[in-house]
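A look at the structure
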Amino acid sequence: QVQLVESGGGSVQPGGSLRLSCLASGSVVSIYRMGWYRQAAGKQRELVAVITNTGMTNYADDVKGRFTISRDNAENTGLLQMNSLKPEDTAVYYCNSLLTETNRGTREIWGQGTLVTVSS
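Residues numbered from 1 in each chain as written. Predicted model: local features only at pLDDT ≥ 70, side-chain atom pairs only at ≥ 80, totals over all residues. Heavy atoms only, no water.

1. Regarding the overall build of the protein
Scanning the protein from terminus to terminus reveals 0 helices and 11 strands. Helices (α) and strands (β) of the protein occur, in sequence order from the N terminus, as β-β-β-β-β-β-β-β-β-β-β. Taken over the C-alpha trace, the protein has a radius of gyration of 14 Å; the compact-globule value for 120 residues is 14 Å, and the two agree within 12%. Dimensions of the protein, computed from the C-alpha atoms along their principal axes, are close to 45 × 25 × 25 Å. Counting over 120 residues, the protein shows a buried share of 41%. The contacts of the protein with a sequence gap of at least 6 include a subset with a gap of at least 24, amounting to 56%. For the protein, the exposed surface amounts to about 6300 Å²; the carbon and sulfur share of it is 45%. With 11 positive and 10 negative side-chain charges, the protein shows a spacing of 2 Å between the two charge centroids. (Helix = DSSP H or I, 4+ residues; strand = E, 2+ residues; numbered from the N terminus. Rg over C-alpha atoms; globule rule 2.2 N^0.38 Å. Buried < 20%, exposed > 50% of the residue type's maximum accessible area, 1.4 Å probe, protein only. Contact = heavy atoms within 4.5 Å. Areas by Shrake-Rupley, 256 points an atom, 1.4 Å probe, with all protein chains shown as cover. Lys, Arg positive; Asp, Glu negative; His and termini not counted. Charge placed at Lys NZ, Arg CZ, Asp CG, Glu CD.)

Rendered as structure tokens:
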């Protein structure tokens with residue numbers, strides 16, 4: 001069974017940078033899209049950025065120009081480079097993917113989440 005394994009979260013001061021990584025591990029046949037969502041305390045989960053298998057990207061308005069999403073198709077990995085971080089970026093970040101895996105067909109799966117804290 002394919003799982004999304006996230007890494008790269010942590011604590012950083014305002015203005016700093018972090019890079020999140022999401023590895024789709026297991027019998028992956030094809031990945032159609034990978035994306036990142038976040039959920040701050042007391043708020044709903046929201047889209048941060050998404051990238052399709054053709055390289056098309058979409059970003060939330062408040063991260064445009066600061067965050068960059070990319071993917072390494074050969075490694076089944078998605079990356080989120082976060083620069084100029086602000087305290088309001090503090091949240092649990094979740095990786096999301098629509099993919100096809102061997103013997104299980106196409107489905108949408110989520111990672112376990114990684115905490116990003118931006119504070120001085």
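Once the structure has been displayed, the description carries forward.
2. Focus on the sheet that holds strand β7 (residues 67-72)
Pairing is antiparallel in the open sheet, where 4 strands are placed in the order β1-β3-β8-β7. Here the strands that pair on one side only, and so sit at the sheet edges, are β1 (3-7) and β7. Mean inter-strand twist for the sheet, computed between neighbouring axes without regard to direction, equals 15 degrees. Inspection of the sheet shows strand β3 (residues 18-25) paired to strand β8 (residues 77-82) by 6 bridges, in the antiparallel sense. (Pairing = 2+ DSSP bridges. Axes fitted to C-alpha atoms, helices over the stretch in contact; angles between N-to-C directions.)

3. Regarding the environment of Cys95
Within the fold, Cys95 resides in strand β9 (residues 91-101). In sequence terms Cys95 and Gly113 are 18 residues apart; their C-alpha atoms lie 6.9 Å from each other.

4. Points about the packing of aromatic side chains
Summed over the entire model, instances satisfying the criterion amount to 1 aromatic pair. Cation over ring: Arg45 sits above Tyr94, and NZ or CZ is 3.7 Å from the ring centre. Here Arg45 stacks its cationic end above the ring of Trp110, 4.7 Å away from the centre of that ring. (Phe/Tyr/Trp six-rings, centres within 6.5 Å; stacked < 30°, edge-to-face > 60°. Lys NZ or Arg CZ within 6 Å of the ring centre and 35° of its normal.)

5. Comments concerning the pattern of salt bridges
Across all of its chains, the model carries 8 salt bridges by this definition. Arg66 is paired through a salt bridge with Asp89; the nearest N and O atoms lie 2.7 Å apart. In this pair, Arg66 is assigned in the loop between β6 (57-59) and β7 and Asp89 in the loop between β8 and β9, connecting sequence segments 23 residues apart. Residue classification places Arg66 among the buried residues on the basis of a relative accessible area of 10%. By relative accessible area, which is 1% here, Asp89 ends up buried. By sharing partners, the salt bridges in this structure join Arg38, Glu46, Asp62, Arg66 and Asp89 into a single network. (Salt bridge = Lys/Arg side-chain N within 4 Å of Asp/Glu carboxyl O.)

6. Side note on the nonpolar core
Counting 29 residues, the largest nonpolar core has Trp36, Val48, Phe67, Leu80, Met82 and Tyr93 as the members making the most contacts within it. Going through the elements one at a time, β3, β4 (28-39), β5 (46-52), β7, β8, β9 and β11 (114-118) are the ones with two or more residues in this core. Contacts of Phe67, omitting those with residues within four sequence positions, involve Arg38, Val48, Tyr59, Leu80, Gln81, Met82, Asn83, Leu85, Asp89 and Tyr93. (Core = buried A, V, L, I, M, F, W, Y, C linked by side-chain atoms within 4.5 Å.)

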